[in-house]
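Residues per chain are reported as follows:
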Amino acid sequence: MLLIEIFLPHTCVVIFALFFILLYVELANGQNVNPDPSLFTCDSYIDKIYTLNTSLKCDFENGIAISTNNTVIYLNNSSIFGSGYLHPYTGILISNKENVTLKGNGIIGHFQIGVHIDNSKNVNISIVNFTGNEISIYATNSSGVLIDNNEFYTNTAGIKFYTIDDSAISNNRFDSNDISSISLFGSHNNIINDNHIS
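Quick summary incoming for the structure in this document.

Conventions used here
- Residues numbered from 1 in each chain as written.
- Predicted model: local features only at pLDDT ≥ 70, side-chain atom pairs only at ≥ 80, totals over all residues.
- Heavy atoms only, no water.
- Pairing = 2+ DSSP bridges.
- Helix = DSSP H or I, 4+ residues; strand = E, 2+ residues; numbered from the N terminus.
- Buried < 20%, exposed > 50% of the residue type's maximum accessible area, 1.4 Å probe, protein only.
- Salt bridge = Lys/Arg side-chain N within 4 Å of Asp/Glu carboxyl O.
- Polar contact = N/O pair within 3.5 Å; in protein donor to acceptor, adjacent residues only side chain to side chain.
- Contact = heavy atoms within 4.5 Å.

## Some thoughts on the pairing of strand β8 (residues 106–109)
Line of reasoning, step 1. Where strand β5 (residues 78–81) meets β8, four bridges bridge the pair, whose relative direction is parallel. Paired with I80 across the two strands is I108, which belongs to β8.
Line of reasoning, step 2. Sheet analysis places β8 next to strand β11 (residues 129–131), joined by three bridges and oriented parallel. Paired with I108 across the strands is F130, a residue of β11.

Okay, structure coming up:
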């Protein structure tokens, strides 16, 4: 009886760890389904120039979906927070768009994916703090993505590029991210320089 009590907690830890690893591998292989923009209800669709005037708390829901090309979002020292990275929600979705800029100062945290860029061109993310996300920036099938002068801390993964070309990751700071800071899969002609990882 004592032997069962000793090994039971360790078995639960191993099972949880295996589940966590399988979830991470699924995301790394680009297999997670793209979020439907119509499911982003924490704030309305964002187009053109948008300044966040107050922080958003997106409890068990997705955050913001970009609805048009040529859009600039200023976080304006505000935050967009989710309900924890174990829940399948995304902070900002940029899908099938061109010329989108996301600027801080501000925080995006506690989402499964902080910013999801999919099938887009010329996306610029700068001066944003990412914290407590499963993956802070998850970019797929895109080009011309510039991620510059951001901070990534206490995430599971910082930046994950999957089939990304002609893009740059520069001047970012990564601190205490659990599994990886920068990962690239099937990506070409990208520049990675002057990042600080600790």
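That shown, we press on.
## Observations regarding unusual backbone geometry
Line of reasoning, step 1. Cis geometry marks the peptide bond from G104 to N105, where omega comes out at 0 degrees.
Line of reasoning, step 2. By the secondary structure assignment, N105 is in the loop between β7 (98–103) and β8.
Line of reasoning, step 3. If you check the backbone angles, N77 has positive phi at about 60 degrees while not being a glycine.
Line of reasoning, step 4. Structurally, the position occupied by N77 is in the loop between β4 (71–74) and β5.
Line of reasoning, step 5. Using a relative accessible area of 61% as the deciding quantity, one classes N77 as exposed.
Line of reasoning, step 6. Despite not being glycine, D194 has its phi angle at roughly 55 degrees, a positive value.
Line of reasoning, step 7. As for its placement among the helices and strands, D194 is situated in the loop between β18 (191–193) and β19 (196–197).
Line of reasoning, step 8. Using a relative accessible area of 61% as the deciding quantity, one classes D194 as exposed.

## Some words on the pairing of β4
Line of reasoning, step 1. Burial along β4 is one-sided: the face carrying T71 and I73 is buried and the face carrying V72 and Y74 is not.
Line of reasoning, step 2. Taken together, the three bridges between strand β1 (residues 49–51) and β4 define a ladder with parallel strand orientation. Across the sheet, the residue bridging to I49 is V72, located in β4.
Line of reasoning, step 3. Bridge analysis of β4 against β7 gives four bridges, and the strand direction is parallel.

## A look at the pattern of salt bridges
Line of reasoning, step 1. With the rule as written, the count across this model stands at one salt bridge.
Line of reasoning, step 2. As a salt-bridge pair, D59 and K57 come within 3.6 Å of each other at their nearest N and O atoms.
Line of reasoning, step 3. Judged by relative accessible area, D59 falls into the partly exposed class, the value being 43%.
Line of reasoning, step 4. Classification of K57 as partly exposed rests on a relative accessible area of 49%.

## With respect to the side chain of N172
Line of reasoning, step 1. Relative to the assigned elements, N172 resides in the loop between β15 (168–170) and β16 (173–175).
Line of reasoning, step 2. Here the side chain of N172 touches N149 through a polar contact of 3.3 Å, landing on its backbone nitrogen.
Line of reasoning, step 3. Setting aside residues no more than four positions away along its own chain, N172 makes contact with I147, D148, N149, N150, F152, D194, N195 and H196.

## Comments concerning the environment of E134
Line of reasoning, step 1. Here E134 shows up in the loop between β11 and β12 (135–148).
Line of reasoning, step 2. C-alpha of E134 to C-alpha of T154: the two residues are 20 residues apart in sequence and 9.4 Å apart in space.

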